[in-house]
Amino acid sequence: MEEKRRLLILYASQTGNAQDAAEQIGREVERRGCPVAVKSVDEFDASSLAYEETVIFVVSTTGQGDTPDSMKAFWVFLLQRNLSQHWLKDVNYAVFGLGDSGYQKYNVIASQFVAKKLDKRLSDLGATAIIERGLGDDQHPSGYEGTLDPWMSSLWRMLDQKNPKIFPRGLDYVSSIANMMDQSKIKVTYWNVDAAEVESLEMQIMRARLMSPGKFSHDKNRPVCFIKMVVVQSSIKNQPLSRAGCGKDVRHFEFESPSIKYQVGDVLEVLPGQSPAAVDAFIERCNLNPESYITVHSAGEENHLLDASKVPVRLKTFVELTMDVSSASPRRYFFEVMTYFASAPHEKERLQYFAASEGRDDLYQYNQKERRTVLEVLMEFPSVQMPFEWLVQLVPPLKTRDFSISSSNLAHPKQVHLTVSIVSWTTPLKRERKGLCSAWLAGLDPQKGVEIPVWFRKGSLSPPPPSLPLILVGPGTGCAPFRGFVEERALQSKSGLTAPILFFFGCRNEENDFLYREFWLSHEQNGGVLSEEKGGGFFVAFSRDQPEKIYVQHKMREQSTRIWNLLREGAAVYVAGSSNNMPSDVFSAFEEIISKESGVSREAAVRLLRGLEKAGRYNVEAWS
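A quick note: this is a predicted structure, and the numbers were derived from the prediction, not measured.

What counts, and at which threshold
Residues numbered from 1 in each chain as written. Predicted model: local features only at pLDDT ≥ 70, side-chain atom pairs only at ≥ 80, totals over all residues. Heavy atoms only, no water. Pairing = 2+ DSSP bridges. Helix = DSSP H or I, 4+ residues; strand = E, 2+ residues; numbered from the N terminus. Axes fitted to C-alpha atoms, helices over the stretch in contact; angles between N-to-C directions. Disulfide = S-S within 2.5 Å. Buried < 20%, exposed > 50% of the residue type's maximum accessible area, 1.4 Å probe, protein only. Salt bridge = Lys/Arg side-chain N within 4 Å of Asp/Glu carboxyl O. UniProt positions renumbered as here; feature names shortened; annotations may be inferred. Contact = heavy atoms within 4.5 Å.

## A few points about the sheet that holds strand β27 (residues 618-623)
Either a parallel or an antiparallel arrangement is found when strands of a sheet pair, and the pairing is made through backbone hydrogen bonds. Within the open sheet, the five strands sit side by side as β25-β24-β23-β26-β27. Their pairing is parallel. The open sheet terminates on both sides in strands that have one partner only, identified here as β25 (537-542) and β27. Adjacent strand axes in the sheet meet at a mean angle of 10°, parallel and antiparallel pairs treated alike.

Following this line, the structure appears as structure tokens:
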């Protein structure tokens with residue numbers, strides 16, 4: 001009976017928010033005395049779902065309402081036609097979705113997409129919903145927790161109504177967090193190791209990140225590649241693309257390595273370096289020995305040195321490569337645990353308020369809105385002395401940053417190029433902030449030959465064959481992947497016939513941020529792949545160079561006939577750029593063009609576009 005009453009929580013996370021929410025639900029279940037298991041959906045056998053009694057799903061969205069990578073195989077399994085409508089008749093479930101209501105798809109809030117689809121499919125397979133689907137919205141004044149907390153309260157009541165024995169001590173019993181302080185999920189073992197035995201940087205990265213409790217997006221079988229910034233004839237390939245002082249700082253980077261291999265449309269995952277001063281300050285603040293050698297493993301797991309991931313690494317190296325102490329904000333649970341380890345009464349009182357439901361909004365303003373880092377929070381509560389095991393468990397993992405590759409490997413066999421906007425902003429309290437990875441890349445000295453750990457992976461934009469006509473829409477840094485597309489198509493055109501390309505680019509001002517201006521114009525002229533004589537075209541929207549704002553969708557409508565003719569010839573559409581309004585605005589422009597040129601209704605135009613999506617002929621890569 002005890003095992004039967006276990007509550008299972010499955011999460012599908014892309015950036016870590018869904019995992020955090022799932023673990024928060026799991027802790028609250030544990031505090032109510034119910035056995036619980038929290039797993040990523042890709043660690044769960046989908047075929048055994050029918051044998052579970054109660055399952056809570058926590059799912060996020062990616063891009064424009066897309067399924068997270070970790071959920072793709074699970075979702076494909078659920079869509080099998082041979083699953084009967086009674087397959088999950090004995091399963092009770094609840095779904096909590098995370099997203100951002102600012103993103104839209106087909107004029108529907110994208111953050112609802114994955115949760116809605118999952119909810120409907122589970123119901124179609126006979127499962128019984130415990131509670132109405134919950135939706136956490138990044139736009140809420142308290143973030144997703146503003147919806148999660150009241151949803152959980154309703155969940156406990158509904159679970160108790162369905163099965164009064166699920167919480168053995170009653171619905172109102174909640175154990176103190178102090179009772180969980182001896183339950184760190186992480187064990188750190190210290191070793192006497194000769195520093196001379198330490199292996200290469202590649203092995204240190206692999207071992208540190210394998211033993212870290214953080215979930216990293218690259219798989220264990222994909223090797224790390226090290227790249228260096230290109231230095232040619234005393235010039236460096238860290239080139240500004242936007243005019244200085246215009247309010248934007250966009251750079252073109254070129255890196256090299258003998259082992260580079262990728263296709264156009266691929267994505268480069270970059271592991272950023274943290275500020276050495278911040279890492280040293282964190283280690284000093286936490287009274288750690290940077291030169292000690294450690295292994296990290298789950299509590300209760302046998303710790304031996306036969307597993308490659310259990311070879312000791314230097315503590316400072318582990319912090320540098322796996323723990324984001326200098327840019328990520330800690331989660332609410334971090335403040336809950338700090339409460340237990342605070343010795344100063346005024347600090348403990350403040351932390352208890354932040355950890356309580358009534359302090360949720362103030363914590364969100366203090367922490368997430370201000371983007372306070374782990375180091376900053378620890379410095380503001382000096383009496384907190386948290387064991388390293390808890391820090392390893394609670395400090396956000398150092399994540400790779402994804403960049404669309406802006407070059408063709410055929411054109412640059414040993415190089416990879418990136419188009420990077422150097423991120424900076426001012427917080428509500430007027431504190432200047434910079435993006436960790438972009439600022440780090442911009443500040444690298446190419447002469448020092450710093451090795452940058454990267455991983456190559458497939459993106460949302462599949463490489464097109466030379467015979468496929470293309471309609472490309474890439475405003476701002478969305479032009480990055482299409483620079484690679486055009487480079488490759490130009491190279492292919494030298495040895496055979498290639499299909500035409502229509503490219504729609506947009507920026508604010510012609511003089512300030514017309515990225516890669518000379519590159520695009522060179523391919524528009526003299527029979528280039530974007531030239532009209534080759535059936536192509538290059539169209540630019542400058543949004544701020546005139547009183548009325550002009551965007552890429554306006555330029556698309558001006559070329560309505562050419563777009564429709566190319567679609568009739570089998571063209572594929574590729575859209576890249578900001579995930580706010582642009583993708584839905586572009587989609588609406590295509591709706592209008594198809595409806596106008598073919599004489600069909602807007603509804604029929606939407607069906608045609610969805611058909612293109614399913615056929616792989618309408619592709620979107622969007623980022624926030």
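Past the structure itself, the notes keep going.
## Digging into the state of the cysteines
Here the structure, examined in full by the defined rule, presents zero disulfides. The closest cysteine sulfur to the non-disulfide-bonded C225 is located on C437, 15 Å from its own sulfur. With a relative accessible area of 6%, C225 lands in the buried category. C507 forms no disulfide, and the closest cysteine sulfur to it belongs to C479, at a distance of 9.3 Å.

## Regarding the pattern of salt bridges
In this structure the tally under the stated criterion is 28 salt bridges. Between E487 and R483 there is a salt bridge whose closest N-O contact spans 3.8 Å. Here E487 and its partner R483 are both found in helix α14 (residues 480-493), four residues apart, which amounts to about one turn of the helix. Taken individually, E487 and R483 each receive the classification buried, so the pair is uniform in this respect. Residues E510 and R517 are paired through a salt bridge, measuring 3.3 Å at the closest nitrogen-oxygen approach. What makes R517 partly exposed here is its relative accessible area of 27%. Connected through shared salt-bridge partners, E28, R31, R32 and E336 make up one network.

## A few points about the UniProt feature "binding site: FAD" (unreviewed entry) in the protein
In this numbering, the UniProt entry assigns the feature "binding site: FAD" (unreviewed entry) to R371, R401, D402, F403, S404, G435, L436, C437, S438 and W623. Taken together, the annotated residues stretch across 253 residues and extend over separate regions, lying up to 25.3 Å apart by C-alpha. If you trace the backbone, R401 turns up in strand β18 (residues 401-404). If near-sequence neighbours (up to four positions away) are discounted, R401 is found in contact with L268, E269, V270, P272, D324, S327, L436 and C437.

## Things to note about the side chain of D160
Its location among the elements puts D160 in helix α4 (residues 145-162). Those residues in contact with D160 that lie beyond four places of it in its chain are I166, F167 and L171.

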